[in-house]
Amino acid sequence: MLHTPHAPTPRPRARSRRRLRAAALLASAVSVCLVAASAPPAPLGVGDRLFPQLGNPGYDVTAYDLAFTYSGDNSKPLKAVTTIDARTTADLDRINLDFAHGTVDSVEVDGEPAGFAGAGEDLVVTPEDELEAGERMRITVRHSSDPVYPEDRQGGWVRTADGLAMANQADVAHLVFPCNDHPSDKARFTFRITAPDGLTAVANGLPTGVVRSGGSTTWTYRTAHPMATELAQVSIGRSTVLHRAGPHGLPVRDVVPTEHRAALEPWLAKTPGQIAWMEEKAGPYPFETYGLLMADATTGFELETQTLSLFERELFTEPAYPKWYVESLMVHELAHQWFGNSVSPATWSDLWLNEGHATWYEALYAEETADKPLAARMKAAYGASDRWRTAGGAPAAPKPPKNGSKIGIFRSNVYDGAALVLYALRQEIGRTAFARVERAWVARNQDGTGTTAGFVRLASEISGRDLDGFFRAWLYGEKTPPMPGHPDWKQNPAEKARGE
């Protein structure tokens with residue numbers, strides 16, 4: 001029998017309306033059920049324009065403790081305990097969590113049994129006593145975490161050839177664990193992963209302990225910085241963890257399928273130099289570690305999970321991909337550690353700040369290291385920009401994702417289309433001011449969130465110009481404005497460009 005780590009012991013605290021009762025727990029549970037029956041639980045959200053039901057009002061999460069027990073079979077649910085520490089921001093008689101793909105066995109609030117029910121993609125928790133604004137609370141949910149999904153609701157766990165990994169962007173972390181699944185509510189994470197001996201478990205952050213007992217091993221990892229739920233990563237498989245030093249002694253660790261270790265090493269050796277290159281552009285690396293997770297899986301994407309970016313292993317072992325192209329994709333996910341991870345989007349409409357910047361540095365790296373001119377790529381993007389805006393919306397006003405769409409909001413308008421906005425900004429204010437904007441954006445918003453309006457204010461401040469009109473046209477216009485410095489650039493309506 002595999003050992004399931006226990007959740008931390010709840011902290012005692014006083015509550016003005018707390019009724020400490022040693023008995024009658026059954027009667028209390030019945031009472032909670034009756035109250036719930038009189039007012040049916042309903043799904044909530046924080047009102048995100050693109051994902052209205054994501055996140056929940058009334059509280060701010062400070063920490064997650066996620067414990068997973070893996071049987072060794074990636075087609076079977078994992079046993080899990082999710083512990084959430086949070087502070088209430090309003091009086092609450094119910095607490096909505098995002099959770100939509102698993103069986104809940106029990107819920108406690110501050111160590112006391114709580115009622116719970118599903119509503120849409122929410123788990124609605126009814127504590128024994130109402131919570132007042134400003135209180136700290138601890139929610140413990142014992143549940144399953146299922147890595148098998150219906151065809152029309154993919155995401156969360158990724159089943160690899162030898163185990164599991166995670167891909168939670170943008171709206172599927174709550175298929176894996178109960179959470180406040182919106183990037184505006186970042187928190188620190190602790191992971192406790194129990195797996196059969198012979199497998200290796202790795203997660204975001206740095207390791208804090210390994211305990212072996214009865215044929216299984218429990219691995220513990222902890223993040224030193226707050227993280228959005230969509231960036232959580234857990235890898236379980238027959239993996240080797242490789243270590244090397246990055247700039248300033250930064251611990252760089254990579255997770256690779258053991259059998260492919262030798263073939264992948266030449267690629268992994270490039271990471272320290274790429275980090276140094278990014279530091280020249282955007283400032284000091286913002287986290288405690290970095291590395292690549294090479295998964296034996298076909299996903300169709302790479303993902304910037306915090307401190308441990310997810311890549312398809314075949315990207316590096318398939319000879320059809322040019323060397324410069326693979327390296328530029330490595331830099332794309334690395335750049336996200338600054339743009340998207342350290343500074344997360346306050347809403348999903350701010351996604352262009354993530355993907356536009358990552359695409360910008362991907363293209364700039366290709367120009368500086370592989371003689372692939374940035375201007376040529378931006379000219380091609382300009383030619384397709386109107387079509388991208390028609391199909392997906394303007395960069396800062398993307399169209400909502402269609403139900404069941406695998407690409408969702410991740411369209412060309414927020415990749416090369418948004419990088420084009422940054423190119424136009426550099427053309428408009430000059431390279432020196434642009435470089436200052438980039439570094440200041442990360443420095444001022446580190447470990448927090450950023451908004452489009454905040455980026456516009458910063459660029460105006462540093463350039464000494466009112467850029468509201470410039471950005472309004474470039475970020476929200478149905479048509480692409482003329483490119484500063486390139487009056488000859490035109491739209492190419494008949495051509496197909498990358499990502500269409």
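These remarks concern the structure in this document. All residue numbers refer to positions counted from 1 along the written sequence of the respective chain. At least 70 in pLDDT is required for a residue's local features to be given in this predicted model, at least 80 for side-chain atom pairs to be given and counted, and no such filter applies to totals for whole chains, interfaces and linings, which use all residues. Values shown for side chains rest on all heavy atoms present in the structure; no hydrogens or waters enter the calculation.

**Here's the deal with the nonpolar core**
- In terms of nonpolar packing, the biggest core is built from 70 residues, with M278, F316 and F471 touching the most fellow members.
- By the criteria applied, helices consist of DSSP H or I runs no shorter than four residues and strands consist of E runs no shorter than two, each listed in order from the N terminus. The leading source of residues in this core is helix 8 (residues 416–429), at 9 residues.
- The contact definition used throughout considers only heavy atoms, calling two residues in contact when any of these lie within 4.5 Å. In this view, F316 contacts L264, W267, L292, M294, F311, V326 and M330; residues no more than four positions away in its chain are not counted.
- Note on terminology: a nonpolar core comprises buried Ala, Val, Leu, Ile, Met, Phe, Trp, Tyr and Cys residues joined through side-chain atoms within 4.5 Å. Residue exposure (1.4 Å probe, protein chains only): buried if accessible area is under 20% of the type maximum, exposed if over 50%, otherwise partly exposed. Counting 61 residues, the second-largest nonpolar core is a separate cluster that includes F99, L131, L231 and L310.

**A few points about the pattern of salt bridges**
- Salt bridge criterion: a side-chain nitrogen from Lys or Arg within 4 Å of a carboxyl oxygen from Asp or Glu. One pass over the structure, following the stated rule, counts 12 salt bridges.
- Between D65 and R192 there is a salt bridge, with the nearest N and O atoms lying 2.6 Å from each other. Of this pair, D65 sits in strand 1 (residues 59–69) while R192 is found in strand 11 (residues 188–196), placing the two residues 127 residues apart along the sequence.
- Where E265 meets R244, a salt bridge forms, and the shortest distance between an N and an O atom there is 2.8 Å. Separated by 21 residues along the polypeptide, E265 in helix 2 (residues 261–268) and R244 in strand 16 (residues 239–245) bring together distant segments of the chain.
- Several salt bridges share partner residues, and in doing so they unite R244, D254 and E265 into one network.

**What to know about the pairing of strand 12 (residues 200–203)**
- Side chains T200 and V202 project from strand 12 onto one buried face, and the interleaved A201 and A203 project onto a second face that is buried too.
- Of the strand pairs in this sheet, strand 12 and strand 15 (residues 234–237) are connected by 4 bridges, and their pairing is antiparallel. Note that in strand 15 the partner of A201 across the bridge is I236. Any two strands with at least two DSSP-identified bridges between them are counted as paired.

**Description of the sheet that holds strand 6 (residues 115–119)**
- Read from one edge to the other, the open sheet built from 3 strands follows the order 3-7-6, with strand pairing classed as antiparallel. Pairing within the sheet leaves two strands with one partner each, and these edge strands are strand 3 (95–98) and strand 6. Put simply, the sheet's adjacent strands are angled 25° from each other on average, direction ignored.
- Bridge count for strand 6 against strand 7 (residues 122–126) is 5 bridges, and the pairing is antiparallel. As a rule, the C-alpha atoms of each element are fitted with a line to give its axis, helices using only the stretch in contact, and angles between N-to-C directions run from 0 to 180 degrees.

**Thoughts on the sheet that holds strand 13 (residues 206–213)**
- The 8 strands are arranged 5-4-8-2-1-11-14-13 in an open sheet whose pairing can be described as mixed. Since the sheet does not close on itself, it has two edges, and those belong to strand 5 (112–113) and strand 13, each with one partner.
- Taken together, the 10 bridges between strand 2 (residues 78–88) and strand 8 (residues 136–145) define a ladder with antiparallel strand orientation. Across the sheet, the residue bridging to K79 is S144, located in strand 8.

**What to know about the packing of aromatic side chains**
- In summary, the pairing rule links any two rings of Phe, Tyr or Trp, Trp by its six-membered ring, whose centres are within 6.5 Å, and it sorts them by plane angle into stacked for under 30 degrees, edge-to-face for over 60 and tilted for everything else. Taken as a whole and assessed by the stated rule, the structure comprises 26 aromatic pairs.
- Summarising the aromatic geometry, the rings of Y64 and F177 are spaced 5.9 Å apart at their centres and angled 75° between planes, so their arrangement reads as edge-to-face. In this pair, Y64 is assigned in strand 1 and F177 in the loop between strand 10 (164–167) and strand 11, connecting sequence segments 113 residues apart. Across this residue pair, the class does not change: Y64 and F177 are buried.
- Residues W348 and F410 carry aromatic rings whose centres are separated by 6.5 Å and whose planes lie at 70° to one another, so their mutual orientation is edge-to-face. With a gap of 62 residues between them, W348 in the loop between strand 20 (343–345) and helix 6 (351–370) and F410 in the loop between strand 22 (397–398) and helix 8 connect regions that are remote in the sequence.
- Overall, the relative accessible area of 0% leaves W348 in the buried class.
- Here the aromatic cluster, defined as three or more aromatic residues joined through ring pairs, consists of W352, W441, F455, F470, F471 and W474.
- The ring of W219 carries the charged tip of R212 above its face, separated from the ring centre by 5.9 Å. The criterion is that NZ of a Lys, or CZ of an Arg, lies within 6 Å of the ring centre and within 35 degrees of the ring normal, and then a charge sits over that ring.

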